[in-house]
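Working through the structure, step by step
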Amino acid sequence: MTSDPVDILDDLADQVAEEFEAYRQPDEFKDVSLVIDNNDPDRPTLIVHVDREDADTLADKIEDFLQERGARTQREQHSDTDVRVLATVG
């Protein structure tokens, strides 16, 4: 892995996309969406948006997956079906 936080987050996003690919089918609404927010150059953030029934359960799995890979995570709960897991590194 490289030491640039954006590159590390990009690698993590690829790993999440691969691990949770069943929730990211190209011809359907995606239950899991990935975005890297690098508006703050000192703290880029991988945002994993879970939008589905019982979003908490899948968000738990994603959060555990990211933490196992060294990311610090935080969760934003917008509703029962709208959860965002925010991941930072470095």
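For the structure, check the block above.
In what follows, the accompanying structure is described. (Residues numbered from 1 in each chain as written. Predicted model: local features only at pLDDT ≥ 70, side-chain atom pairs only at ≥ 80, totals over all residues. Heavy atoms only, no water.)

1. A closer look at helix α1 (residues 5-19)
Helix length check: α1, at 15 residues, gives a terminal C-alpha distance of 21 Å against a target of 21 Å (1.5 Å per residue), a fit within 8%. Of the positions making up α1, those classed as buried are I8, L9, L12, A13 and V16. One side of α1 holds all its buried residues, which, seen down the axis, span an arc of 140 degrees. In this fold, the buried residues of α1 make contact with β1 (32-37), β2 (45-51), α2 (55-68) and β4 (82-88). (Helix = DSSP H or I, 4+ residues; strand = E, 2+ residues; numbered from the N terminus. Expected span 1.5 Å × (residues − 1). Buried < 20%, exposed > 50% of the residue type's maximum accessible area, 1.4 Å probe, protein only. Arc of directions from axis to C-beta. Contact = heavy atoms within 4.5 Å.)

2. Here's the deal with unusual backbone geometry
Residues other than glycine seldom take positive phi values, yet D54 does so here, at roughly 55 degrees. For D54, the position within the fold is in the loop between β2 and α2.

3. What to know about the packing of aromatic side chains
Applying the stated rule across the entire model yields 1 aromatic pair. Relative to F65, the ring of F20 lies with its centre 5.6 Å away and its plane at 85 degrees, an arrangement referred to as edge-to-face. Here the residue F20 occupies a position in the loop between α1 and β1, and F65 occupies one in helix α2, the gap between them amounting to 45 residues. In this structure F65 comes out as buried when scored by relative accessible area, which is 7%. Just above the ring of F65 sits the side chain of R69; from NZ or CZ to the centre is 3.5 Å. (Phe/Tyr/Trp six-rings, centres within 6.5 Å; stacked < 30°, edge-to-face > 60°. Lys NZ or Arg CZ within 6 Å of the ring centre and 35° of its normal.)

4. Some details on a negative patch on the surface
Taken together, the side chains of D4, D7, D10, D14, E18, E19 and E21 define an acidic patch exposed on the protein surface. Inspection of the secondary structure puts D7 in helix α1. With a relative accessible area of 35%, D7 lands in the partly exposed category. (Patch = residues over 30% accessible without salt bridge, like charges linked within 9 Å, V, L, I, M, F, W, Y side chains within 5 Å. Areas by Shrake-Rupley, 256 points an atom, 1.4 Å probe, with all protein chains shown as cover. Salt bridge = Lys/Arg side-chain N within 4 Å of Asp/Glu carboxyl O. Lys, Arg positive; Asp, Glu negative; His and termini not counted. Charge placed at Lys NZ, Arg CZ, Asp CG, Glu CD.)

5. With respect to the sheet that holds β1
The sheet built from 4 strands is open, its strands ordered β1-β2-β4-β3 with antiparallel pairing. Of all the strands in the sheet, just β1 and β3 (72-79) have a single pairing partner and so form its edges. Going from strand to strand, the sheet's axes swing by 20 degrees on average, the running direction of each strand aside. Pairing of β1 with β2, which is carried by 6 bridges, proceeds in the antiparallel orientation. Residue pairing across strands places V32 opposite V50, the latter belonging to β2. Lying over the sheet, α1 contacts β1, β2 and β4, oriented at roughly 175 degrees with respect to β1. Seen against the sheet, α2 touches β1, β2, β3 and β4 and runs at an angle of roughly 165 degrees to β3. (Pairing = 2+ DSSP bridges. Axes fitted to C-alpha atoms, helices over the stretch in contact; angles between N-to-C directions.)

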